[in-house]
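A structural walkthrough
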Amino acid sequence: MFKSFKKYYKKLPLKRRIVYLFSLATFIPFFCAFILSYNAIYNILENKLEEGARSHLKQTEITLMNTIDNLAQISQQFVYPSNIAMKLNEWRETEDLSVKTSLNEHIQRELDYLSYTNSTSGLTIYMQQDGTYLFRNMPIRDGFSLEKLPVLDEYNKITYYGPHISNNPLNTQYVISIDREVELPNGEPIHLYIEASFTITQSILNANNKANDSFYLILDSDDRISYSELTNKFPVDTNFSTIAGQDMSGKQDGFYWFKTTSNQGWSIVSLIPQKQFNQEKTKWITQMLILAVVFGALTLIIAWLVWKMIYKPIRNFDSEIKAVTDNNFQFQSAATDIPEFDQVLKQLQRMKKQIVELIDEVGEEEKKRADLEIEKLMYQINPHFLMNTLDTVHWLALINKQEDIDQMVSALNKLLYYNLKRSGKMSTIEEELDSLDQYCKLQEFRYQFSYYVNVKVDQDLLKTTVPRFILQPLVENAIYHGLDDDGYIEVVVESSGSSDSIIISIHDNGLGLSEEEIACILNGTNQNQRNGIGIGMNYVKRMLESHYNSRAELDIKSTQGKGTTVIIKLPIEYE
């Protein structure tokens, strides 16, 4: 992908490059600032939302707790040994109808009195275990049953219900109620049912709703929803943890929710629509987009001004360079009125004057340098190989005494005679192959490993003249670049299919070369020349250029891990 982008960028004209670079210089810092500020704004809004919800939940929890505690305290006035409870016990024990009637009136008055003195209490009922009403202070709604009421919590033989609609048919408000077991000295226990007003807590919930556009749920100790202001999404009697999980906050069905749990186990959940939270973000994003449009417009204007400023100097430079390519060294472009560009133009014009003077001199010097380079490389290769080989012969004589010395020295003498005593720069294919054979023998002695060299040559080409010493450096490179035991080198000399050229190929099964290494060798920039590796290849390349100019071809094909093939194509020159 990066290469594709680089290729595309290289094709861009200067005008587009300026626009793109100015745009990047503007929008990258802007985008970074946008990301940082977005995260900061998001965290601030989220913390603000949570802190507000937690504060309102705590206030509602305290109010509901006070209502429940107050209801428990009121119920205490109706249990034994309170006055009304003792009268109720006497009422149950007596068989005297007149006494029973008198106690009945007394209990009813006491019930009305206690209800009156407790302003928050409402419907109060004494009833038996089977649900039969004994005494009540207000009418009872038809179908009243404790089993139908939403249980909020249960502890100390007191069951708390609600919030729910009052069971007094004259009251349509939400209430909190309790069912308390009242134990009497004689007989089975009876139940006390008391309702308390939910208006104070509900007024707080309503105020919070208006302030935060929020909704509330009240859960029992098992996370079952007892009260819901959003019954379409969170219906009563469903388990909230099943819907939203066990966490204390989260997101569900388009709402942020926050939960607080009382010491008794019941919980209050605040539901805040996500759209309320997103309104603040949307407003901030809109402002940033407006700024982005403004910065974009300013960037384009500045890029256009910069383009106009440098367009004229570039056109002048183009005219100057075109004049040079057309060999019109007398042409001079007008000034640009920009000191830096005018200075460059003056230097360009001075350079044109010098070019004319240097062309002839450079041509001559280049020819001399090419000859010197070839001679230098020849003298660099021969002593290097000679000293290493003689050193090997020395150690073989010391270690092996008489073994193999005769064969090695014979091969060395033949090779030295060919390399050092041969006059002139030209040789034949036959002589080059014979020299290569002696060289391979010496290499086997030096490195003590065997490799197979296969030579395939068209017999009609043996007397074909070629530059001297072009095969040995190529085989030497094959050995240096990873050839080991059981290595394989193949030298093929054949006609190219036409009568005016031959093809010499040297193939090995070594480690191979990368594309970068091949490019360095062919371009003459191989860094390994300092260590002796690549000197021979450079010599061959320079020798071909010197003798054949552009008529000879040198190519390298390689696959890493499989081997390398060096291909030379030469025009035929007979002696």
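Higher on the page you've got the structure.
First, a word on what this report is: a plain description of the structure on this page. All of these numbers come straight from a predicted model, not from anything done at the bench.

Turning to the overall build of the chain, a few remarks are in order. A count of helices and strands for the chain gives 13 helices and 19 strands. Looking at the chain as a whole, 42% of its 575 residues are labelled buried. For the chain, the proportion of contacts with a sequence separation of at least 24, taken over those separated by at least 6, is 61%. As presented, the chain carries roughly 32,600 Å² of accessible surface, and 54% of it is formed by carbon and sulfur atoms.

Taking 1.5 Å per residue, 21 residues should reach 30 Å; helix 4 (residues 97-117) reaches 30 Å between its end C-alpha atoms and fits that length. Leu 103, Ile 107, Glu 110, Leu 111, Leu 114 and Ser 115 are the residues of helix 4 that are buried. Taken down its axis, helix 4 places every buried residue within 130° of arc, on the same side. Exposed residues pointing more than 90 degrees away from the buried face of helix 4 are listed as Arg 109 and Tyr 116.

Here we take up the environment of Gly 162. As for its placement among the helices and strands, Gly 162 is situated in strand 4 (residues 158-165). The class of Gly 162 is buried, set by a relative accessible area of 0%. Between the C-alpha atoms of Gly 162 and Ile 176, which are 14 residues apart in sequence, the distance is 4.9 Å. The contacts of Gly 162, once residues within four sequence positions are left out, are Pro 150, Leu 152, Val 175, Ile 176 and Ser 226.

This part takes up the pairing of strand 15 (residues 487-495). Of the pairings in the sheet, the one linking strand 13 (residues 451-457) to strand 15 comprises seven bridges and is parallel in character. When the sheet's bridge partners are listed, Tyr 452 is paired in strand 15 with Tyr 488. Here strand 15 runs beside strand 16 (residues 501-508); their pairing, made up of seven bridges, is antiparallel. From the neighbouring strand, Glu 494 faces strand 16, where its bridge partner is Ile 503. Between the antiparallel neighbours strand 15 and strand 16 lie five residues, among them Gly 497 with a positive phi of about 105°.

What follows deals with helix 11 (residues 471-480). Of all the 10 residues making up helix 11, nine are buried; the element is thus mostly covered by neighbouring parts of the structure. Regarding helix 11, the residues found buried are Leu 471, Gln 472, Pro 473, Leu 474, Val 475, Glu 476, Asn 477, Ala 478 and Ile 479.

A side chain with one charge may pair with a side chain of the opposite charge, provided their charged atoms come close. As enumerated under the stated definition, the model contains 11 salt bridges in all. Between Glu 545 and Lys 541 there is a salt bridge, with the nearest N and O atoms lying 2.9 Å from each other. In this pair, Glu 545 and Lys 541 both sit in helix 13 (residues 535-548), four residues apart, roughly one turn of the helix. With relative accessibility at 35%, the residue Glu 545 sits in the partly exposed group.

Describing two packed helices takes the angle between their axes plus the distance from one axis to the other. Direction vectors running N to C along helix 3 (residues 83-93) and helix 4 enclose 155°, while the axes themselves pass 9 Å from each other. Relative to helix 4, the element helix 3 is oriented roughly antiparallel. For the crossing formed where helix 3 meets helix 4, the hand is left-handed. Here helix 3 contributes Asn 83, Ile 84, Lys 87, Leu 88, Glu 90, Trp 91 and Arg 92 to the contact with helix 4, which in turn contributes Lys 100, Leu 103, Asn 104, His 106, Ile 107, Glu 110, Leu 111 and Leu 114. Residue composition of the contact of helix 3 with helix 4, grouped by class: seven nonpolar, three polar and five charged.

Bringing the nonpolar core into the picture now. Note on soluble globular proteins: their nonpolar side chains tend to be buried together. If you look at the biggest cluster of nonpolar residues, it comprises 44 residues, and the most contacted ones within it are Ile 429, Val 475, Ile 489, Ile 502, Ile 504, Ile 506 and Leu 570. Taken together, the elements giving at least two residues each to this core come down to helix 9 (405-420), helix 10 (429-447), helix 11, strand 15, strand 16, helix 12 (515-523), helix 13 and strand 18 (563-571). Per element, the largest residue contribution to this core is seven residues, and it comes from helix 10. The residues touching Ile 502, leaving out its near neighbours within four places in the chain, are Ile 429, Leu 461, Thr 464, Val 466, Glu 494, Ser 495, Ser 496, Ile 568, Lys 569, Leu 570 and Ile 572.

Turning next to unusual backbone geometry. Cis geometry marks the peptide bond from Tyr 80 to Pro 81, where omega comes out at 10°. Located in the positive-phi region is Asp 223, a residue other than glycine, with phi close to 65°. Taking relative accessible area as the criterion, Asp 223 reaches 10% and is therefore assigned buried. A positive phi is found at Asn 549, a non-glycine position, where the angle reads about 60°.

In this section: a nonpolar patch on the surface. A grouping of Ile 290, Leu 291, Val 294, Phe 295, Leu 298, Ile 301, Ile 302, Trp 304 and Leu 305 is seen on the molecular surface, where their side chains present a nonpolar patch of about 840 Å² in accessible area. Its place among the elements puts Ile 302 in helix 7 (residues 274-325). Given a relative accessible area of 42%, Ile 302 falls into the partly exposed group.

Time to look at the sheet that holds strand 2 (residues 133-136). The antiparallel open sheet is built from six strands, whose spatial order is 2-1-6-5-4-3. Each end of this open sheet is capped by a strand with a single partner; those strands are strand 2 and strand 3 (151-155). Neighbouring strand axes in the sheet, compared pairwise and without regard to direction, differ in orientation by 20° on average. In this structure, strand 1 (residues 121-127) lies alongside strand 2, joined through three bridges in antiparallel fashion. Each bridged residue has a counterpart across the sheet, and for Met 127 the counterpart in strand 2 is Tyr 133. Its contacts with the sheet put helix 3 on strand 1, strand 2 and strand 6 (190-197), and the angle it makes with strand 2 is roughly 145°. Packed onto the sheet, helix 4 meets strand 1 and strand 2 and runs at close to 50° relative to strand 2.

This part takes up the sheet that holds strand 18. Pairing within the open sheet is mixed, and its five strands lie in the order 13-15-16-18-17. Looking at the sheet topology across the chains shown, the edges are occupied by strand 13 and strand 17 (553-559). Neighbouring strand axes in the sheet, compared pairwise and without regard to direction, differ in orientation by 10° on average. The pairing of strand 16 with strand 18 spans eight bridges and is antiparallel. Across the sheet, Ile 506 pairs through a bridge with Val 566, a residue of strand 18.

Conventions used here
- Residues numbered from 1 in each chain as written.
- Predicted model: local features only at pLDDT ≥ 70, side-chain atom pairs only at ≥ 80, totals over all residues.
- Heavy atoms only, no water.
- Helix = DSSP H or I, 4+ residues; strand = E, 2+ residues; numbered from the N terminus.
- Buried < 20%, exposed > 50% of the residue type's maximum accessible area, 1.4 Å probe, protein only.
- Contact = heavy atoms within 4.5 Å.
- Areas by Shrake-Rupley, 256 points an atom, 1.4 Å probe, with all protein chains shown as cover.
- Expected span 1.5 Å × (residues − 1).
- Arc of directions from axis to C-beta.
- Pairing = 2+ DSSP bridges.
- Salt bridge = Lys/Arg side-chain N within 4 Å of Asp/Glu carboxyl O.
- Axes fitted to C-alpha atoms, helices over the stretch in contact; angles between N-to-C directions.
- Parallel < 35°, antiparallel > 145°, perpendicular 65-115°, else oblique.
- Left-handed = near helix turned anticlockwise from the far one by under 90°.
- Nonpolar A, V, L, I, M, F, W, Y, C, P; charged D, E, K, R; others polar.
- Core = buried A, V, L, I, M, F, W, Y, C linked by side-chain atoms within 4.5 Å.
- Patch = residues over 30% accessible without salt bridge, like charges linked within 9 Å, V, L, I, M, F, W, Y side chains within 5 Å.

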